[in-house]
Amino acid sequence: AQSVTQLDSQVPVFEEAPVELRCNYSSSVSVYLFWYVQYPNQGLQLLLKYLSGSTLVKGINGFEAEFNKSQTSFHLRKPSVHISDTAEYFCAVRNQGAQKLVFGQGTRLTINP
Amino acid sequence: DGGITQSPKYLFRKEGQNVTLSCEQNLNHDAMYWYRQDPGQGLRLIYYSQIVNDFQKGDIAEGYSVSREKKESFPLTVTSAQKNPTAFYLCASSMTGSNQPQHFGDGTRLSIL
């Protein structure tokens, strides 16, 4: 069965420090991968997506993610975070040809001044 | 601007009462989805619809019902059979195709009086 694991439920970092949010998935077929951000009491906003091609994808707000097929990972990174990046981040995966999008449990990113 | 509108933002339900959450989109998307979000559990799929007058159960459909009479609208009814309805409910839509990202509304928070 398809599943997504976000390895850290909470990640505290200092402002202007780099951050990596980890995501691993399991699937027996090819997949599409997504990262979403959720600010308090709001819906989810798409940060970036991997569909095919280059394994390094760039998204909004300076975030990027790298698809690693051999390690079944899709970690999210930002070289320098800001207070405004404080939010919850969700990794999601969908098997090619499937309709369901499977979400990880989320990682709460807290930026300290 | 195109988007997804969920209403109301906050909703209170009495014991034994059915309530209906509204979701409207003007993105011309064929597919629509309902998710339930609980703290620490990510998003879980309740129902989805790929076309008007057709919908499928998701992973946690018990105690919920939907209709899809118009392309733009996908209301969710939380019935009295749902014993633990307190949660944040998110509606999403997308174009057809498993490589298409989902776009989310701002959610409805349902509480029990």
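Parameters and conventions
- Residues numbered from 1 in each chain as written.
- Chains lettered and ligands numbered in written order.
- Predicted model: local features only at pLDDT ≥ 70, side-chain atom pairs only at ≥ 80, totals over all residues.
- Heavy atoms only, no water.
- Buried < 20%, exposed > 50% of the residue type's maximum accessible area, 1.4 Å probe, protein only.
- Helix = DSSP H or I, 4+ residues; strand = E, 2+ residues; numbered from the N terminus.
- Pairing = 2+ DSSP bridges.
- Disulfide = S-S within 2.5 Å.

## Side note on the pairing of strand 9 (residues 73-78) of chain A
Residues and elements named next belong to chain A.
- For strand 9, a buried count of 5 out of 6 residues is recorded, marking the element as mostly surrounded by other parts of the structure.
- In terms of strand pairing, strand 3 (residues 19-21) meets strand 9 through 3 bridges, oriented antiparallel. Paired with Glu20 across the two strands is Arg77, which belongs to strand 9.
- Of the pairings in the sheet, the one linking strand 8 (residues 64-68) to strand 9 comprises 5 bridges and is antiparallel in character. The residue of strand 9 that forms the bridge with Asn68 is Ser73.
- Counted between consecutive antiparallel strands, the loop separating strand 8 from strand 9 contains 4 residues, among which Thr72 sits at a positive phi close to 45°.

## Quick word on the state of the cysteines
- Applying the stated rule across the entire model yields 2 disulfides over all chains.
- Across the disulfide from Cys23 of chain A sits Cys91 of chain A; the S-S distance is 2.0 Å. Between Cys23 of chain A and Cys91 of chain A the sulfur-sulfur dihedral comes to about -65°; the bridge is accordingly left-handed. Note that Cys23 of chain A is positioned in strand 4 (residues 23-26) and Cys91 of chain A in strand 10 (residues 87-95), a separation of 68 residues in sequence.
- Cys23 of chain B shares a disulfide with Cys91 of chain B; S-S distance 1.9 Å. Here the disulfide of Cys23 of chain B and Cys91 of chain B is left-handed, its torsion about the S-S bond being about -75°. Within this pair, whereas Cys23 of chain B is found in strand 3 (residues 19-25), its partner Cys91 of chain B is found in strand 9 (residues 87-94), the two being separated by 68 residues in sequence. With respect to class, Cys23 of chain B is no different from Cys91 of chain B; both count as buried.

## A closer look at unusual backbone geometry
Residues and elements named next belong to chain B.
- Of the consecutive residues Ser7 and Pro8, the connecting peptide bond is found in the cis state with omega at -10°.
- Along the chain, the position of Pro8 falls in the loop between strand 1 (4-7) and strand 2 (10-13).
- Its identity as a non-glycine residue notwithstanding, Asn28 has a phi of 65°, on the positive side.
- Position of Asn28 relative to the elements: it lies in the loop between strand 3 and strand 4 (31-37).

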